[in-house]
Amino acid sequence: MLFQPDIERLPLPQLRALQNARLKEQVAYLAARVPFYQRKFAEAGINPATFRGLEDLTKLGFTKKADFRDNYPLGLFAVPENEVARLHCSSGTTGKATVVGYTAGDLAIFSEVVARSLVAAGCRPGMKVQNAYGYGLFTGGLGLHYGAERLGLTVIPVSGGSTDRQLQLLQDFRPEILCATPSYAQVLAEELHRRGIAPEAINLKLAVLGAEPWSEALRTQVQDGLHVAATNIYGLSEILGPGISQEDVDERGTGSYIWEDHFYPEIVDKDTGEPVPEGQPGVLIFTTLTKKALPILRYWTGDITHLTYDHSVKRTHVKMGPIRGRADDMLIIRGVNFFPTQVEDIISQLPHASPHYQVVVTRQGSLDEVAVHVEVAEPLLRALGLAATPLTATHVQQHDALRALQGTFAKKIKDNIGLSMRVFLLGSGQLPRSEGGKLSRVLDRRAER
Ligand code: ADP
């Protein structure tokens, strides 16, 4: 089942024609209403009256998060305040939150693309969904909520956190679907296990996870721990919120469909801003095609991924790969660039390591140092009689299996990333867990003395 088969399977030439027409409309609309874009058009020598659509788009510079901050709070809005039906803020992961707004029509589209995403994730009308995304200014909670209602699901609006209550509701209301950040789904899977509740005792079948980068290793952990098929949902407030792209449950691991009738994607080089060849990684850029309250042209998401046009089986829309991190998250240590999520990929190859890790960056004199802290997998801890103890360096020295894990991990990091990192092994629960929202796996202590 597809939610909107006609649009999701629209043949490519027609999809491009639709995008072109909508983009021209969006440009004319902005030219008449938003001083920020009027200036941008003038600077780029673009005459909105003769703008040709997609082929002229790259003439225009990017819109960046700083532009939102400079026009705080509502300076980029294209409608009077009394036409704004709802305001949200981005979660402020990388600085001051940005304010975004929606007309009633924008909210209808928001619900439509979320409903479309949920169907791709395997959800069907009549199912129940436990929505553990945070409700409030964050777009995740309400975004998923109204999309789920639009599809005809029964929504349990529990919001993020309150793990006891989450587990109780999973058992009492028996929802088939969980929506959460992947790091919080990981917490729920772990708690279920810790409390001896068999995954069969709950009724979950699907998990729709997003709002932060996650790896295949984490997918496996959540799928096994909760007995679900877990798919990726992606989005950002500046463009809309969740539901900009979504993985199909039958095509897991091949990328997430971008709903191209509403959001036009590009991938550009993070340094030059020039388009990169198909399949190559770069910064994801989005242009809204149908927004009314806050249309945005060429938004620099900072997220690094690639696009693929060739794996589309069920739909014609393009797929994006997983987000390895934001350009801002990329660490450059002694000349080597890497994303913390690369460490997660290596952990997945180590049977005795758990997927709980933290990358800690410090400065020793003028040199940056990276250490990886990782929790040892529980079965090994139990076998060594260390299940309930915080691990120390002495424990590691005393046990061959721990020393071997430490050595193999450090070697794999050196071989794969090209950088030496100290590895610290920890016991269960020693690293921070998601409290219901996004979890940062990097601790940058370079500014500390
Ligand atoms: P903020 O930018 O302050 O975190 P948002 O809540 O709008 O606020 O978050 C959007 C960002 O979250 C995206 O730009 C991206 O970095 C991250 N994100 C959202 N969904 C995913 C996902 N499925 N995979 C990886 N990262 C994601």
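This one's a predicted model, so the numbers in the text were calculated from it and none came from an experiment.

### Topic: helix α3 (residues 35–43)
Argument step 1. Within the span of α3, buried status applies to Phe 36, Tyr 37, Lys 40 and Phe 41. Burial along α3 is one-sided: seen end-on, the buried residues are contained in an arc of 130°. Summarising the geometry of α3, the exposed residues directed more than 90 degrees from the buried face are Ala 42 and Glu 43.
Argument step 2. For α3, the elements touching its buried residues are α2 (12–33) and α5 (65–70).
Argument step 3. A positive phi of about 65° marks Gly 45, the residue just after α3.

### A short note on the environment of Thr 408
Argument step 1. With respect to the secondary-structure elements, Thr 408 resides in helix α14 (residues 400–417).
Argument step 2. In this structure, the C-alpha to C-alpha distance between Thr 408 and Leu 350, residues 58 residues apart in sequence, is 8.3 Å.
Argument step 3. Only 2.6 Å separates the side chain of Thr 408 from the backbone oxygen of Ala 404, close enough to count as a polar contact.

### Notes on the sheet that holds strand β6 (residues 206–210)
Strands in a sheet are paired, the pairing made by backbone hydrogen bonds, and the direction either parallel or antiparallel.
Argument step 1. Read across the sheet, 9 strands follow the order β4-β3-β5-β6-β7-β8-β9-β14-β13 without closing on themselves; strand pairing throughout is mixed. Both edges of this open sheet fall to β4 (154–156) and β13 (307–308), since each of them pairs with a single strand only.
Argument step 2. In this sheet, strand β8 (residues 241–247) lies alongside strand β7 (residues 229–236) in antiparallel orientation, the contact comprising 4 bridges. Looking across to β8, one finds that Tyr 234 is bridged to Ser 245.
Argument step 3. Strand contacts of helix α10 (residues 216–226): β5 (177–180), β6, β7 and β8, with the helix running at about 130° to β7, the strand carrying the most contacts.

### Digging into the pattern of salt bridges
Argument step 1. On inspection of all chains with the given rule, the structure shows 29 salt bridges.
Argument step 2. Note that Glu 8 is salt-bridged to Arg 315, the shortest N-O span being 2.7 Å. Placement of the pair is Glu 8 in helix α1 (residues 5–8) and Arg 315 in the loop between β13 and β14 (319–320), with a sequence separation of 307 residues.
Argument step 3. Accessibility expressed as a relative area gives 0% for Glu 8, which makes it buried.
Argument step 4. According to the relative accessible area criterion, Arg 315 is buried, its value standing at 4%.
Argument step 5. Residue Asp 248 pairs with Lys 314 through a salt bridge whose shortest N-O separation is 3.0 Å. On the criterion of sequence distance, the pair formed by Asp 248 in the loop between β8 and β9 (256–258) and Lys 314 in the loop between β13 and β14 is long-range, its members being 66 residues apart.

### Some details on the domain arrangement of the chain
Argument step 1. Structurally, the chain comprises domain 1 (5–329) and domain 2 (339–448).
Argument step 2. The gap between the C-alpha centroids of domain 1 and domain 2 is 31 Å.
Argument step 3. Taken together, the contacts link 26 residues of domain 1 with 18 residues of domain 2.
Argument step 4. Taken together, both faces of the contact between domain 1 and domain 2 bury some 1,700 Å²; the carbon and sulfur share is 52%.
Argument step 5. If you sort the residues of domain 1 by the area they bury against domain 2, Gln 186, Glu 190 and Arg 324 come out on top, with a joint share of 27%.
Argument step 6. Between the two partners, domain 1 and domain 2, sit 2 salt bridges.
Argument step 7. A salt bridge links Asp 345 to Arg 324, with the nearest nitrogen and oxygen atoms 3.2 Å apart.
Argument step 8. Seen at the junction of domain 1 and domain 2, the total is 10 residue pairs in polar contact (both at pLDDT 80 or more).
Argument step 9. If you list the elements that add at least two residues to the side of domain 1 that touches domain 2, you get α9 (182–194), α10 and β15 (325–326).
Argument step 10. Sorting elements by how many residues they give to the side of domain 1 that touches domain 2 places α9 first, with 6 residues.

What counts and what doesn't
Residues numbered from 1 in each chain as written. Predicted model: local features only at pLDDT ≥ 70, side-chain atom pairs only at ≥ 80, totals over all residues. Heavy atoms only, no water. Buried < 20%, exposed > 50% of the residue type's maximum accessible area, 1.4 Å probe, protein only. Helix = DSSP H or I, 4+ residues; strand = E, 2+ residues; numbered from the N terminus. Arc of directions from axis to C-beta. Contact = heavy atoms within 4.5 Å. Polar contact = N/O pair within 3.5 Å; in protein donor to acceptor, adjacent residues only side chain to side chain. Pairing = 2+ DSSP bridges. Axes fitted to C-alpha atoms, helices over the stretch in contact; angles between N-to-C directions. Salt bridge = Lys/Arg side-chain N within 4 Å of Asp/Glu carboxyl O. Domains from an automatic or database assignment. Buried area = accessible area lost by both parts, 1.4 Å probe.

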